[in-house]
Amino acid sequence: EWTYFEGAAWYTRWVDWEAGPAGERVILNIGAANYAALVFLNGIFIGGHRGGSTPFSLEVSGALRPGRNRLQIMVENRRSAARVPMQHIDWFNYGGLYRDVSLMRLPPVAIRQASAALTADGTAVRFKVSLDSAASLTGRIRVPALGIDAALPIRAGAGETSVAFTGQFWSPETPVCYEVIVEAGDDRFRDRIGFRTIATSGTDIVLNGRKLWLKGVCVHEDDRGLGKVSTEADVRRRFRHLRELGANFARLSHYPHHEHVARIADEEGILLWAEVPVYWAIAFDNPETLGDAENQLSELIRRDINRASIILWGVGNENADTDARLAFMSRLAHLAKALDPSRL
């Protein structure tokens, strides 16, 4: 009887906690909560979030206590014209917590984001690092397979450097990824990243300097047995079917899918279009709706910034041709380019 329920539901569990070293910070990560979430720990309100498909993190250091802790998360999934997506959609919207919830221990100064991408000419890798504080220190970038071991000066919480690229380009035919290690103070970030360029030339899309022809399908994150929950086996099955069709490309319709989708696509050489659900008759004249859409787009780009498989960010689908819509979509397009100038 809960299939079509729209409203609020509460999730709760007890968490056993043992304090770490002095100054340690603890972050609660929530992979997705559809649609609006409020988080409480031991009766203390920690924070909230809107947007049903992107991750969010909240610091819980001050609310945790040794021993048992009660975590409560309220999730509310009502559809409305002011939300993204709005109430009129052609997929089942589901609700609640449907991705991983975890706790992460961090040192006092931690890496908020680390990214690595080729410059437009493909000759160098540009590394960018931001901390979660305004600290100044010297970090380190290592890519062992490419012999890269470089210092990274970080000033007021941000650092950037470029190193010559001597490796192999990532492509559907050669989905090569390299281990990248970023160190800053006591924090360390690891990722496997493929390096490629993507651009346009006239009406052509160009991958690593060569004309690219996209052959693909639209894929929803919806399964007869799993619903909106996504497993690695499910994703690999879908990609296997895509390959059997002779395709090299998938559009992740019409909202951010689980983050392991792009990681697996990196491994298997599948090109991706990732998007936010600015779908049909969004309330384009509502500043709050625009803020929601901008936040979802920002969270998607920051989450998947290092995924070579993603070649373009989608900012909307099948919208009415009005002045309010054009202004709304232009804001999203400019935001995407500001956050990530390396993709279409």
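Everything discussed here concerns the structure shown above.
Parameters at a glance
- Residues numbered from 1 in each chain as written.
- Predicted model: local features only at pLDDT ≥ 70, side-chain atom pairs only at ≥ 80, totals over all residues.
- Heavy atoms only, no water.
- Pairing = 2+ DSSP bridges.
- Helix = DSSP H or I, 4+ residues; strand = E, 2+ residues; numbered from the N terminus.
- Buried < 20%, exposed > 50% of the residue type's maximum accessible area, 1.4 Å probe, protein only.
- Right-handed = clockwise from strand over helix to strand, strands pointing away.
- Axes fitted to C-alpha atoms, helices over the stretch in contact; angles between N-to-C directions.
- Parallel < 35°, antiparallel > 145°, perpendicular 65-115°, else oblique.
- Left-handed = near helix turned anticlockwise from the far one by under 90°.
- Contact = heavy atoms within 4.5 Å.

Structural notes on the pairing of strand β18 (residues 204-207)
- Inspection of the sheet shows strand β17 (residues 198-201) paired to β18 by four bridges, in the antiparallel sense. Each bridged residue has a counterpart across the sheet, and for S201 the counterpart in β18 is D204.
- Taking the residues between adjacent antiparallel strands as the criterion, β17 and β18 are bridged by two residues, where G202 takes a positive phi near 65°.
- As paired elements, β18 and strand β19 (residues 210-212) share three bridges and run antiparallel to each other. By the bridge assignment for β19, V206 is matched with K211.

Some details on the pairing of strand β22 (residues 271-275)
- Counting buried residues along β22, four of its five residues qualify, which places the element largely inside the surrounding structure.
- Where strand β21 (residues 249-253) and β22 come together, four bridges link them in parallel fashion. Counterpart to R251 in the pairing with β22 is W273.
- Handedness of the crossover is the feature at issue here: the chain leaves β21, passes through helix α2 (residues 259-268), returns alongside β22, and the resulting connection is right-handed.
- Of the strand pairs in this sheet, β22 and strand β23 (residues 310-314) are connected by four bridges, and their pairing is parallel. Residue pairing for β23: L272 is matched across the bridge by I310.
- Handedness of the β-α-β unit built from β22, helix α3 (residues 287-303) and β23 comes out right-handed.

Examining the packing of α3 against helix α4 (residues 323-339)
- Closest axis-to-axis distance for the α3/α4 pair is 10 Å, and the angle between their directions is 25°. Between α3 and α4, the angle is such that the two are roughly parallel. Where α3 crosses over α4, the handedness of that crossing is right-handed. Of α4, the residues touching α3 (which contributes T289, L290, A293, E294, L297, S298, I301 and R302) are F328, R331, L332, L335, A336 and L339.

Observations concerning the sheet that holds strand β20 (residues 216-220)
- The sheet built from four strands is open, its strands ordered β20-β21-β22-β23 with parallel pairing. Whereas interior strands pair on both sides, the edge strands pair on one side only; in this sheet they are β20 and β23. In this sheet, adjacent strand axes meet at a mean angle of 20° when their direction is disregarded.

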